[in-house]
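# Coordinate analysis (summary)
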Amino acid sequence: MIVINARFLTQKTTGVQRYAIEICKFLPKKIGDKELIFVAPNQELMNKELPIKIIQFGKLKGNLWEQIELPIFLKRKGNPLLINFSGIAPVFYQNKITYIYDLSFKYYPETFSYLFQRAYNTLIPLSGKNSRKVITISNYVKKDIENHFNIKDIEVVYAAQNNHFQNLNLQREKIILAVSSLDPRKNFNRVIQAYLSLNTDYKLVFVGAKSKSFSDLNLNENAKNNNIIFTGYINDQELIELYNKASIFIYASLFEGFGMPPLEAQACGCPCIVSDKTSLPEVYLDSVEYCEPKSIENIKNKLELLIENPNRREDLVRKGYKNIKRFNWELSSNKLASIIASQT
């Protein structure tokens, strides 16, 4: 057997969970002669999209389940290959393939809770070195891991947008949309300040919930403006509708391992402004308007450009449709299945 650590199904769906869910939808039931078995802690499943049988066991939750009860289960099953899509993975279990999505905990420790960033800075390098192979989601992150942890056996398996993110041909409204967890790295305060310096009747809408892993997020007091709206966590149907109503999507993140939301926006026909940092130019090439995320003035200028220039918006929509064709969950899943087969 090959065991998939499906703890991600007990968590709210953000970028990491979305990646794991989508790629698992296309994995075969068997790789070679070995059956794929999905296991998770005995908790409520937050996401039931995967049409699979999940074995749930144990009395512990979260990291404790992963570090204590999961290795015991694996030992009883003859130490099969384990695939880890999220979290730290059982640190001392060596017959595993481990995903490391980015090293944000190293670059921005202040944006995470103390316990979270200490655990990740200590245990992620150890878990990665104890793995038979590490997988990540961009060449940028691959080089980052190689440089920081001296891990060489790394494969890149890209993310993609889900097929249900598509253009519904709704009437576009005067909405600037931003989608992500409310994490300081997502740079919402500068986006708010840039927006407030505009003379516009567009509304600024933020979609996302604050993660308990992040340290306190003090959004600008000016966010109390009536034209700045925080929706909190919303379901995919509501999100697709917002992508289809928005006239501009902005993703001025300071740090990304891949950055999936602009792909979703592009699939829905929404032109994007994206940060020019880390992995984002690798993923978006010339299909977006790039901004300097630490410059409020530059963010303002890019917003102003798209608000006042419908031709540029239409150009970016066309380029966005072309860009999303580079990414496909089935292709990514096939690559992952090939990597797994090489380790069995």
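Residues numbered from 1 in each chain as written. Predicted model: local features only at pLDDT ≥ 70, side-chain atom pairs only at ≥ 80, totals over all residues. Heavy atoms only, no water.

On to the sheet that holds strand E10 (residues 203–207), then. Ordered by their spatial adjacency, six strands build an open sheet running E11-E10-E9-E12-E13-E14, and the pairing between neighbours is parallel. The sheet is open, and its two edges are formed by strand E11 (228–230) and strand E14 (289–291), each paired on a single side. Direction aside, neighbouring strands of the sheet carry axes that sit 25° apart on average. Alignment of E10 against E11, held across three bridges, turns out to be parallel. Within E11, the position partnered with Leu204 by the bridge is Ile228. Strands in contact with helix H6 (residues 188–196) are strand E9 (175–179), E10, E11 and strand E12 (248–251); relative to E10, the strand with the most contacts, it is inclined by about 170°. In this fold helix H7 (residues 236–245) packs onto E9, E10 and E12, with an angle of close to 140° to the strand it touches most, E9. (Pairing = 2+ DSSP bridges. Helix = DSSP H or I, 4+ residues; strand = E, 2+ residues; numbered from the N terminus. Axes fitted to C-alpha atoms, helices over the stretch in contact; angles between N-to-C directions. Contact = heavy atoms within 4.5 Å.)

Attention shifts here to the pattern of salt bridges. Overall, the coordinates contain 17 salt bridges when judged by the stated rule. Measuring nitrogen to oxygen at the nearest pair gives 3.0 Å for the salt bridge that ties Lys277 to Glu292. Of this pair, Lys277 sits in the loop between strand E13 (272–275) and helix H9 (280–284) while Glu292 is found in the loop between E14 and helix H10 (296–308), placing the two residues 15 residues apart along the sequence. The exposure class of Glu292 is partly exposed, given its relative accessible area of 25%. Among the salt bridges present, the one from Glu289 reaches Lys302, with a minimum N-O distance of 3.0 Å. Of this pair, Glu289 sits in strand E14 while Lys302 sits in helix H10; the two residues are 13 residues apart in sequence, bridging distant segments of the chain. Neither residue differs from the other here; Glu289 and Lys302 are each classed as buried. A single salt-bridge network, built from bridges that share partners, covers Asp286, Glu289, Lys302, Arg312, Asp315, Arg318 and Lys319. (Salt bridge = Lys/Arg side-chain N within 4 Å of Asp/Glu carboxyl O. Buried < 20%, exposed > 50% of the residue type's maximum accessible area, 1.4 Å probe, protein only.)

Take helix H1 (residues 15–25) next. The buried count for H1 comes to eight of 11 residues, which makes it a mostly enclosed element. Where H1 is concerned, the buried positions are Gln17, Arg18, Tyr19, Ala20, Ile21, Glu22, Ile23 and Cys24. For H1, the secondary structure elements touched by its buried residues are strand E1 (2–5), strand E3 (34–41), strand E6 (96–99), H7, helix H8 (261–267) and helix H12 (329–342).

Okay, unusual backbone geometry next. Even without a glycine there, the phi angle at Asn169 is positive, about 55°. As for its position among the elements, Asn169 is in the loop between strand E8 (154–156) and E9. With relative accessibility at 68%, the residue Asn169 sits in the exposed group. Despite not being glycine, Leu285 has its phi angle at roughly 45°, a positive value.

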